[in-house]
Amino acid sequence: MDYVFKQLINALNTGSIYALVAIGYTMVYGIIRLINFAHGDVMMFGAYFAFIFATSLPFSDTAGGVILIMLLSMAAAAIMGVLIEKIAYKRLRRAPRISALITAIGMSLFLQNLALLIFKAEPKVMPALVPKTRVDFFGLDIPVLTLYTFGFSVLFMVLLTLFVRKTRPGKAMRAVSQDQDAARLMGINVNSVISLTFALGSALGALGGVFYSLSYSQVYPTLGVMPGLKAFVAAVLGGIGNIGGAMLGGYLIGLLETVTNGFLSIVWKEATRWTDAFVFAVLIFVLLFKPSGILGKHVKEKV
Amino acid sequence: MKKLTVLIVAIIVAIGLSACDSGEETIKIGVIGPLSGADSLYGVAVERGAKLAAKEINEAGGLFDKDFEVIAYDSKGQPDEGVNVYNRLVDQDEVDAIVGGTFSGVTLAIKDLAVQEGIPVLTPTATHPDVTLDADNIFRACYTDSYQGEVAAQFAIETLEATKAAVFYNIDDAYSEGLALAFIDAYEAAELTIDDYTFNANTDDYSAVLTTIQSGDYDVVFVPAYVASVGAILTQAATIDFGETIFMGGDGWDGIEGDYADVAEGFYFVNHYAKTDPAQNVQDFVANFTAEYGVAPNALAALAYDAVYALHAAFEDAGSTDRAAVIAALADLSYADAVTGAIAFDANGDPLKAITVIQVVEGTHVVIDKVQGS
C-alpha cells in the first residue's frame with residue numbers, strides 16, 4: 001500500500017508538470033486554432049530563467065525566494081510568449097493554418113538553437129532550491145518538492161479557471177475563442193486578448209519548466225521537447241481547447257507513465273522501454289476514436 | 001590588367017605557401033570525441049590529455065626530428081558523426097594514428113573502416129568488449145566493460161558484503177549495458193540476489209523506477225552510466241528515502257564530485273586512476289595538466305595522455321610511422337610509465353592493468369582499493 005501511495009505521489013508530480021504545460025497548448029488552440037509547437041521551448045526557457053535567477057539572487061533557497069524565482073520566471077516567459085506571437089504568428093492570422101503550424105515548428109527550432117547559443121549544450125545543474133526531504137502532511141509522507149509542485153500547480157490552475165470564468169478579460173477570451181469576428185464587432189480588442197492568452201499560457205508553461213528542472217535537476221536546450229510533446233498529447237486527450245481537459249489530460253498522462261514505469265515494469269521487465277510509446281499511442285487512439293477528447297465538445301463542421 | 005596579374009600571382013603564391021605549410025612534416029595523431037553536447041566533458045578531457053602529451057613530447061624534441069600534432073574533431077558522441085570525422089582525419093588530414101573514439105559506440109562504428117584501411121587505432125576510453133575483437137590494428141588504453149563490471153561486483157560482494165544488489169542501467173547505451181551484464185554475471189556466479197532495472201536515453205524522470213528499486217531494499221544499487229544521467233538519478237534518489245543502500249558506478253562516474261558531490265557522498269565507483277594517487281608520475285601529470293588547463297584531469301584525460309605516449313613508444317620501437325610496423329610495435333609494446341598503470345596488450349589488444357576503487361568523500365576521491373586483473 002505504501003508502495004502504491006509513493007508511486008501515486010510520483011504520478012502527481014509529473015502529472016502536474018504536464019498539466020501546466022498542456023494548458024498553454026489548449027489556450028492558444030482555443031483562441032487562434034494554432035498548435036503552438038514552440039510552447040515546449042518556452043517551458044525550457046522558463047527553466048533557464050529560473051536557473052539564472054536561482055544562481056544570481058542571494059536569498060534563492062528560502063521559501064520566499066523560491067516563490068519569487070517562480071514568479072519572475074513566469075513573468076519573463078510571459079513577455080517571451082507575447083513577443084513570439086507578435087513577431088511570428090500575428091501576420092499569419094489570416095493565412096492557411098498549415099503556414100502557421102510550420103512557423104510554430106520553425107519557432108521551436110529557433111528557440112532551441114537560441115538556447116544552445118546562449119547557454120551551450122552542456123546541461124546546467126539546477127540548484128536545489130527546495131530541500132530534498134520528506135514531510136508528514138496530514139499523516140502522509142510526501143517529498144517537500146512534490147508538495148511545492150502539486151500545490152502551486154493546483155493554485156495557479158484554480159486562479160486561471162477563476163480568471164477565465166469570473167473576470168471581464170476572461171469573458172473576452174471566451175468570446176474570442178467562440179467567434180473572433182463577432183467578438184471584434186462587440187468591441188473586444190482581439191489583439192490584446194490574444195496577447196493575454198499567450199502571456200498566461202507561457203507563464204504556466206514556464207512554471208512547468210521550473211518544476212521540471214527542480215524535480216529532475218538539470219536544464220538543457222532540448223529539455224522542452226519530450227515534455228512538450230507529451231503535454232500536447234495530454235491536451236488532445238483532455239480535449240484540445242478545453243482548459244479543464246488539459247489539466248485532466250496532464251494528470252492522466254503522468255499516471256500512465258508512472259503505472260508503466262512503476263507497476264507494469266514489475267510484471268514485465270521491458271515496460272520502461274515502452275513508456276514513451278504508450279504515451280504517443282494514446283494520441284493515436286484519441287485521434288482515431290474520439291478526436292474531441294474526453295471533455296471536448298464535438299463540433300460540427302459548418303458548410 | 002596589371003592589377004589582375006598581381007592578384008593572380010598573389011593567389012598562386014598563397015596556394016604555394018599553404019601547400020608548403022601542410023607539407024611541413026609532423027607526426028599527426030587524430031583524436032575523435034564528443035567535444036560539444038551533453039557529454040562534451042569526456043571528449044574535451046581526451047583532447048586535452050592528448051594535447052598535453054604531444055606538447056611535452058615536442059618540448060623534449062619530438063620524434064624523428066618531427067613534432068607531434070594532435071588534430072581533434074567532434075563526434076558529438078554519435079556513431080554516424082564519428083564515421084564522418086574519421087574519414088576527414090584519414091582522407092584529408094592523413095593522420096598516422098588515431099586516439100579515439102572516446103565512446104564505445106563511436107569506436108565500434110569506425111572499427112570496420114579502420115580495419116580495412118589498417119590505421120593504427122589506440123582508443124583511450126572505449127571499454128566495450130567488441131572494440132578490439134578480430135581487429136589486429138585496434139588497441140585500447142583502458143580495461144574492458146566486462147572486466148570493470150566484474151571488479152565492481154567483486155568489490156560489492158567482498159568489501160561491501162552486499163548480498164542483495166540491483167543494477168539500474170541505460171538500455172540505449174552499449175557501455176552501460178556492458179558493465180551491467182558483467183556485474184549481473186558476477187553476482188549470479190556468486191549465487192547472490194541480483195535484479196536489473198533499465199532506463200531510456202531520453203528520459204529525465206527516474207522517480208517511478210527508483211521508487212520500485214527503493215521498495216526492493218537492496219544493499220547496493222549499481223548504476224553504470226555517465227555523469228549527466230547519474231547526477232540526475234542520484235538527485236532524485238535523494239528525495240526518496242534509500243536508507244543504508246549504497247550506490248555504485250563505473251568510470252562514467254568520473255567527475256561526479258563536480259556538480260553532485262552532496263548526492264554522491266559516500267558512494268563508490270571503479271576507475272582507471274585516482275588523481276589523489278601519491279605516485280610521482282601521477283602527481284606530475286596532475287600538476288602539469290592543472291597548470292595547463294586550470295582544472296584537475298579526470299581518468300579520460302589520463303588515458304588519452306597515456307595513449308599518446310604509448311603511440312610515441314610504438315613509433316620509436318617501429319623506427320618509423322609506417323602503419324604496419326606501428327601496429328606490430330603496439331602488439332609487442334610494454335610501456336611502464338603510464339599514469340593509469342603499466343600498459344602491455346594481450347592478444348586482443350586489451351591492456352592488463354590494475355583497477356582503482358574510489359569513494360566520493362566530501363567532494364574528493366579517496367582511493368579505497370586497487371585490484372590487479374588476471
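Residues numbered from 1 in each chain as written. Chains lettered and ligands numbered in written order. Predicted model: local features only at pLDDT ≥ 70, side-chain atom pairs only at ≥ 80, totals over all residues.

If you tally the helices and strands in chain B, you get 12 helices and 14 strands. The globule rule puts the C-alpha radius of gyration for 374 residues at 21 Å, and the 22 Å found for chain B is close to it. Counting only C-alpha atoms, chain B reaches 85 × 45 × 40 Å along its principal axes. Contacts in chain B between residues far apart in sequence, at least 24 positions, make up 67% of those at least 6 positions apart. (Helix = DSSP H or I, 4+ residues; strand = E, 2+ residues; numbered from the N terminus. Rg over C-alpha atoms; globule rule 2.2 N^0.38 Å. Contact = placed C-beta atoms within 7 Å.)

On to the overall build of chain A. Scanning chain A for helices and strands turns up 11 helices and 4 strands. A compact globule built from 303 residues should have a C-alpha radius of gyration of about 19 Å, and chain A, at 19 Å, falls within 12% of that. On the principal axes, the C-alpha backbone points of chain A span a range of 55 × 45 × 40 Å. Here chain A holds 303 residues, and 50% of them are scored as buried. Contacts in chain A between residues far apart in sequence, at least 24 positions, make up 74% of those at least 6 positions apart. (Buried ≥ 20, exposed ≤ 12 C-beta atoms within 10 Å, placed from the backbone.)

On to unusual backbone geometry. With a phi angle near 70 degrees, Ser217 of chain A is a residue other than glycine that sits in the positive phi range. Looking at the secondary structure, you find Ser217 of chain A in the loop between helix 8 (190–216) and strand 4 (218–219). Of note, Glu161 of chain B is a non-glycine position whose phi angle comes to about 50 degrees, a positive value. Along the chain, the position of Glu161 of chain B falls in the loop between helix 5 (145–158) and strand 6 (164–170).

Looking now at the interface of chain A and chain B. In this complex, chain A contributes 27 residues to the contact, which on the side of chain B involves 26 residues. Those elements that place two or more of their residues in the side of chain A that touches chain B are helix 1 (2–32), helix 10 (243–267) and helix 11 (271–289) of chain A. When grouped by side-chain class, the residues that make up the side of chain A that touches chain B number 10 nonpolar, 11 polar and 6 charged. (Nonpolar A, V, L, I, M, F, W, Y, C, P; charged D, E, K, R; others polar.)

This part covers the packing of helix 1 of chain A against helix 7 (residues 207–215) of chain B. The contact between helix 1 of chain A and helix 7 of chain B brings their axes to 9 Å, and the two run at 165 degrees. The pairing of helix 1 of chain A with helix 7 of chain B is recorded here as roughly antiparallel in orientation. In this structure, helix 1 of chain A crosses over helix 7 of chain B, and the sense of that crossing is right-handed. Across the interface between the two elements, Tyr3, Lys6, Gln7, Asn10 and Asn13 of chain A from helix 1 of chain A touch Ser207, Ala208, Thr211 and Ser215 of chain B from helix 7 of chain B. Its residues placed into classes, the contact of helix 1 of chain A with helix 7 of chain B shows 2 nonpolar, 6 polar and 1 charged. (Axes fitted to C-alpha atoms, helices over the stretch in contact; angles between N-to-C directions. Parallel < 35°, antiparallel > 145°, perpendicular 65-115°, else oblique. Left-handed = near helix turned anticlockwise from the far one by under 90°.)

Moving on, we get to helix 10 (residues 280–293) of chain B. All names here are of chain B. For helix 10, spanning 14 residues, the distance from its first C-alpha to its last is 20 Å, which sits close to the expected 20 Å at 1.5 Å a residue. Where the residues of helix 10 are buried, they touch helix 2 (40–59) and helix 11 (299–318). Note on helix 10: the residue one or two positions beyond its end, Gly294, has a positive phi of about 80 degrees. (Expected span 1.5 Å × (residues − 1).)

All right, on to the pairing of strand 2 (residues 67–74) of chain B then. As paired elements, strand 1 (residues 26–33) of chain B and strand 2 of chain B share 8 bridges and run parallel to each other. Of the residues in strand 2 of chain B, the one forming a bridge with Ile27 of chain B is Phe68 of chain B. (Pairing = 2+ DSSP bridges.)

Take the confidence of the model for chain B next. When pLDDT is averaged across chain B, the result is 83; 93% of the residues are at 70 or more. Under a pLDDT of 50 for its full length, residues 17–23 of chain B has, in the predicted model, 0 contacts with residues more than four places off or in other chains. (pLDDT = per-residue confidence, 0-100.)

Before going further, it helps to examine helix 4 (residues 97–119) of chain A. Residues and elements named next belong to chain A. Taking 1.5 Å per residue, 23 residues should reach 33 Å; helix 4 reaches 33 Å between its end C-alpha atoms and fits that length. Along helix 4, the residues that are buried comprise Ala100, Thr103, Ala104, Met107, Ser108, Leu111, Gln112 and Ala115. Buried-residue contacts for helix 4 involve helix 2 (39–56) and helix 3 (63–89). In the stretch just after helix 4, Lys120 is the one whose phi turns positive, near 70 degrees.

The subject of this paragraph is the nonpolar core. Of all hydrophobic cores here, the largest spans 216 residues; its most connected members are Ile29, Ala50, Tyr305 and Val308 of chain B. When residues in this core are grouped by element, the largest group, 15 residues, is from helix 11 of chain B. (Core = buried A, V, L, I, M, F, W, Y, C linked by C-beta atoms within 7 Å.)

Time to look at the packing of helix 10 of chain A against helix 7 of chain B. Their axes nearest at 8 Å, the elements helix 10 of chain A and helix 7 of chain B cross at an angle of 30 degrees. The orientation of helix 10 of chain A with respect to helix 7 of chain B, classified from their angle, is roughly parallel. Relative to helix 7 of chain B, helix 10 of chain A is oriented so that their crossing is right-handed. Facing Glu257, Thr258, Asn261, Gly262, Ser265 and Ile266 of chain A of helix 10 of chain A, the residues of helix 7 of chain B in contact are Ala208, Val209, Thr211 and Thr212 of chain B. Tallied by class, the residues present in the contact of helix 10 of chain A with helix 7 of chain B amount to 3 nonpolar, 6 polar and 1 charged.

Residue and element names in this part refer to chain B. Across the 8 residues of strand 1, 6 count as buried, placing the element largely inside the fold. With helix 2 bridging strand 1 and its parallel neighbour strand 2, the resulting β-α-β unit is right-handed. Bridge count for strand 1 against strand 3 (residues 97–99) is 3 bridges, and the pairing is parallel. When the bridges of strand 3 are listed, Ile29 appears paired with Ala97. (Right-handed = clockwise from strand over helix to strand, strands pointing away.)

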